[in-house]
Amino acid sequence: MKRGFLITCSLQNSILKMYSNNILISWYISRKDIMEVDKCFNKMQGEIRPSSETLTLVISASGKNGDLFQGKRLHGVAIKSGLYDNVLQTSLLDFYAKCGDMEVAAQIFGEISFKNNITWSAMISGLIDGGHFEDAIELFRQMRNRSTEPMAEIFKSLVVMYTHMGALKLGKGIHAYLIKNLLSNSPEEDTPLETSILNMYARCGSISYARICFDRMVNRDLVTWTSMIEGCGAHGLGFEALQLFHQMVEEGIEPNSVTFLSLLSACSHSGLLSEGCGVFCAMKWRFGMEPDLNHYTCVVDLLGRSRKLKEALAIILKLVAFSDGRIWGALFAACRVHGNQKLGEYAAKRLLDLEPSNAGYCTLLSNIQAVDERWDEVEQVRRHMKDNDLMKKPGWSCVEANGLIHGFVSCDRLHPQIVEIYETVDVLSRKMHEVGCKLNS
């Protein structure tokens, strides 16, 4: 119309069909009905040429569903149709990142001529979700150097990343930026981000800062309360977790299954056997919730830590319809701590029955047999691992020091300060041994 062309009935019908299909596709996406999205899009292709908006919608749906094949097909359609603009490129970048193909995502990111905050956020979030933390930090620095204003979503991703890395100092830096620039606009809108910050402090070892954040929050939803309860539990503050739970209920917030899972875990870590059993009963009889396998696993862990090994075994055999490796692993761990070799071996064998190709479980069983010097059985397990090419993945961890993240793998000797590190570990080990001897004397 702006170019002076008359709109014919045929063109009007095509435009109407396009918008109608887009609305229908959006509706199916909101219902998470990916099959109907595909059907609608395929039917649309047979009638009219899809618009850039249509392709963006369908690509977004494919990304949420993790359908790499469908996304690649849509990528080809976009290029052939000549609709390959910056908006569509950003959608494809987000799609490949969500599907874990960071190589293609990085290639598309480099091709985008005009990178806005949505483009940067999609790439950084993809790197974080894929565990490429160092690359994500570097890309965020590049983004800030170009004076591109980050979106609120990217800060939530960064907070989650620093939480996984245990990077308390970097997390504090993000928190300070948010206080100055983004928070305090709307209490309800701020709640998810503030809850992520609370989680970051709790999981990075600063439960006091987590509690300060919690107490200052104007709007605290169920996720916030549950996160604070979980944080207290992880730090061995079982009584504080119980107090928070009672306060939450008094304020009219109804707990869910995740809340009870966090509370049971808190009782387990703090050795609160009677309190934990009370929570388990209240879950079912007061709040009308049926426990699932995760709750039973917490109860087994709670009983196991309290030397109630037979009771823990009875829970698994009598109340759990379909057990898994986690619940038998909880029992096995308790058997190791309390020296019950017979029950520990039984639990280890049940673990192997469930996951015969798990190298970690094979190692556990052989270690139990080695304690009893049953070397023939140890050799059988080791031979089984060798014949089936089972290798236990080494454990890894990272630590923040002076604003830098240092990663370590079990038996790693590649760090430039490895000599000083092992000397410090030896000193700490001796100190722990000395304290243990004093306590036992």
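These figures come from a predicted structure and were not determined experimentally.

The rules behind the values
- Residues numbered from 1 in each chain as written.
- Predicted model: local features only at pLDDT ≥ 70, side-chain atom pairs only at ≥ 80, totals over all residues.
- Heavy atoms only, no water.
- Helix = DSSP H or I, 4+ residues; strand = E, 2+ residues; numbered from the N terminus.
- Contact = heavy atoms within 4.5 Å.
- Expected span 1.5 Å × (residues − 1).
- Buried < 20%, exposed > 50% of the residue type's maximum accessible area, 1.4 Å probe, protein only.
- Arc of directions from axis to C-beta.
- Axes fitted to C-alpha atoms, helices over the stretch in contact; angles between N-to-C directions.
- Parallel < 35°, antiparallel > 145°, perpendicular 65-115°, else oblique.
- Nonpolar A, V, L, I, M, F, W, Y, C, P; charged D, E, K, R; others polar.

Trainee: What should I look at first to understand the side chain of S227 in this one?
Mentor: Checked against the element boundaries, S227 lands in helix α13 (residues 222–234). The contact partners of S227, leaving out residues within four places of it in the chain, are T195, L198 and N199.

Trainee: Any chance you could explain helix α14 (residues 238–250) here in plain terms?
Mentor: Residues spaced three or four apart along an α-helix point in a common direction, a consequence of the helix completing one turn every 3.6 residues. When the terminal C-alpha atoms of α14 are compared, their 19 Å separation across 13 residues agrees well with the 18 Å that a helix rising 1.5 Å per residue should span. Of all the residues in α14, the buried ones are G238, A241, L242, L244, F245 and M248. Taken down its axis, α14 places every buried residue within 160° of arc, on the same side. Facing away from the buried surface of α14 by more than 90 degrees, the exposed residues are Q243 and E250. Its buried side turned inward, α14 meets α12 (207–216), α13, α15 (257–270) and α16 (273–285). Just downstream of α14 lies G252, where phi reads positive at about 85°.

Trainee: For this particular structure, what's the right way to read the packing of helix α17 (residues 293–305) against helix α19 (residues 325–338)?
Mentor: Two numbers describe a pair of packed helices, the interaxial angle and the distance between the axes. Here α17 crosses α19 at 5°, and the two axes come no closer than 9 Å. Judged on the interaxial angle alone, α19 and α17 are roughly parallel. Along the contact surface, α17 presents L293, N294, Y296, T297, V300, D301, G304 and R305, while α19 presents R326, I327, A330, L331, A334 and H338. Its residues placed into classes, the contact of α17 with α19 shows seven nonpolar, four polar and three charged.

Trainee: Would you explain unusual backbone geometry in this entry?
Mentor: Negative phi characterises most residues that are not glycine, and trans characterises most peptide bonds. In this structure, R307 takes a positive phi of about 70° despite not being glycine. The class of R307 is exposed, set by a relative accessible area of 63%.

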